[in-house]
Each structure stands twice: as C-alpha cells, then as structure tokens.
Amino acid sequence: MTGLETAKKQLALLEEKKKDLLLRIMEDYGLEDAAEAESAIDDEEISLEWEECRELDYADSSLRCQQMLVDALALLDSGDKKSVHNANKALETLVREARKIRKERTEDIQKAQEVISLMDEIIHVCDDHRQK
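Our subject in this report is the structure included herewith.

1. A few points about the overall build of the chain
Here is step 1: For the chain, the helix and strand inventory stands at 4 helices and 0 strands.
Here is step 2: Seen in sequence order, the chain has helices and strands lined up from the N terminus as α-α-α-α.
Here is step 3: At 21 Å, the chain has a C-alpha radius of gyration far larger than the 14 Å of a compact globule built from 132 residues.
Here is step 4: Projecting the C-alpha coordinates of the chain onto the three principal axes gives extents of approximately 75 × 35 × 30 Å.
Here is step 5: Burial status across the chain gives 23% buried among its 132 residues.
Here is step 6: Long-range pairs, those at least 24 residues apart, make up 53% of the contacts in the chain with a sequence separation of at least 6.
Here is step 7: In the form shown here, the chain has an accessible surface area of approximately 9900 Å², with 53% of it arising from carbon and sulfur atoms.

The following block contains the structure:
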C-alpha cells in the first residue's frame, strides 16, 4: 500500500469518527443533520459541553492535517516538477502545523496529569483519614 493510499484510508477513518461525533451531538440537541449541527455550533446557537468541544476540535484538526497530507501526497504522485515543488511546500507547512498541534496536546496531557496526581493525593488522604 502506498503512502497516499494509507493516508486516504486514515482520512476515511477520521471522517467516520467525526461523523459519529456529529451524530451524537445531533441526537443530544435534537438536530436534523450534520450540516445543521456544524452550523449551529459555528453560530453558537448551541453550547457544547467542554468534552464535546474538545472532541470536535481534535477531530477537526486531525481531519484538516490528514487532508493536507493526502493533497500533498497526491501532488507528489503526479510527478510534475511544479507539483512536486508545491507538494514540498505543503509538506513543510503541514510539519509546522503538526508540531504545533502536538505541542498543544502534550500540554493538555501534562495539565491533565497534574490534575490526576492531585486527585490521587486527595483520595489517599481521604482514605487515610476516613473513619472505618
């Protein structure tokens, strides 16, 4: 399987995940279709829970980057000199974007780990001081 085929397969999986997420949102908010759900979210007609916002943000950034990768690989496959140049530029841009997103998500993980550690300490102190 070529890199382009693999990237397209991954893109399809990401699109399916986003579709499932939008279906959950549609059910939760009584919306008719995915386009209506995305429009309502964009127009702030509905207020998503923090977890839903985070999931949607992760899905959107993943899809955007994967689509950029598919497009760049398709340009590379064309073999045209100008297309190859444009693909290389697109790949450079994608690397910067992917590194930025990775850094942000790593920071999210570190913050979450701090909260988990604090909750572990609280549980431990409570367990030690509860009357049994």
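On we go.
2. Considering a nonpolar patch on the surface
Here is step 1: There is a patch of nonpolar side chains on the surface, built from V115, L118, M119, I122 and I123 and spanning about 430 Å² of accessible area.
Here is step 2: With respect to the helices and strands, the residue I122 is situated in helix α4 (residues 81–129).
Here is step 3: For I122, a relative accessible area of 39% translates into the label partly exposed.

3. Points about the packing of helix α3 (residues 50–78) against α4
Here is step 1: Where α3 meets α4, the axes come as close as 9 Å, and the angle between the chain directions of the two elements is 160 degrees. Here α3 lies roughly antiparallel to α4, going by the angle between them. The hand of the α3/α4 crossing is left-handed.
Here is step 2: Here the contact of α3 with α4 is composed, by residue class, of 13 nonpolar, 6 polar and 5 charged.

4. Re the nonpolar core
Here is step 1: L21, L22, I25, M26, L31, A37, A40, I41, I46, L48 and L56 form the largest nonpolar core, which has 11 residues in total.
Here is step 2: If you list the elements that add at least two residues to this core, you get α1 (3–29) and α2 (34–42).
Here is step 3: Counting residues per element, this core draws most heavily on α1, which supplies 4 residues.
Here is step 4: In this structure, L4, A7, L11 and L63 belong to the second largest nonpolar core, which totals 7 residues.

5. Thoughts on the side chain of S61
Here is step 1: Along the chain, the position of S61 falls in helix α3.
Here is step 2: In terms of polar contacts, S61 uses its side chain to reach the backbone carbonyl oxygen of Y58, at 3.2 Å.

Cut-offs applied
- Residues numbered from 1 in each chain as written.
- Predicted model: local features only at pLDDT ≥ 70, side-chain atom pairs only at ≥ 80, totals over all residues.
- Heavy atoms only, no water.
- Helix = DSSP H or I, 4+ residues; strand = E, 2+ residues; numbered from the N terminus.
- Rg over C-alpha atoms; globule rule 2.2 N^0.38 Å.
- Buried < 20%, exposed > 50% of the residue type's maximum accessible area, 1.4 Å probe, protein only.
- Contact = heavy atoms within 4.5 Å.
- Areas by Shrake-Rupley, 256 points an atom, 1.4 Å probe, with all protein chains shown as cover.
- Patch = residues over 30% accessible without salt bridge, like charges linked within 9 Å, V, L, I, M, F, W, Y side chains within 5 Å.
- Salt bridge = Lys/Arg side-chain N within 4 Å of Asp/Glu carboxyl O.
- Axes fitted to C-alpha atoms, helices over the stretch in contact; angles between N-to-C directions.
- Parallel < 35°, antiparallel > 145°, perpendicular 65-115°, else oblique.
- Left-handed = near helix turned anticlockwise from the far one by under 90°.
- Nonpolar A, V, L, I, M, F, W, Y, C, P; charged D, E, K, R; others polar.
- Core = buried A, V, L, I, M, F, W, Y, C linked by side-chain atoms within 4.5 Å.
- Polar contact = N/O pair within 3.5 Å; in protein donor to acceptor, adjacent residues only side chain to side chain.

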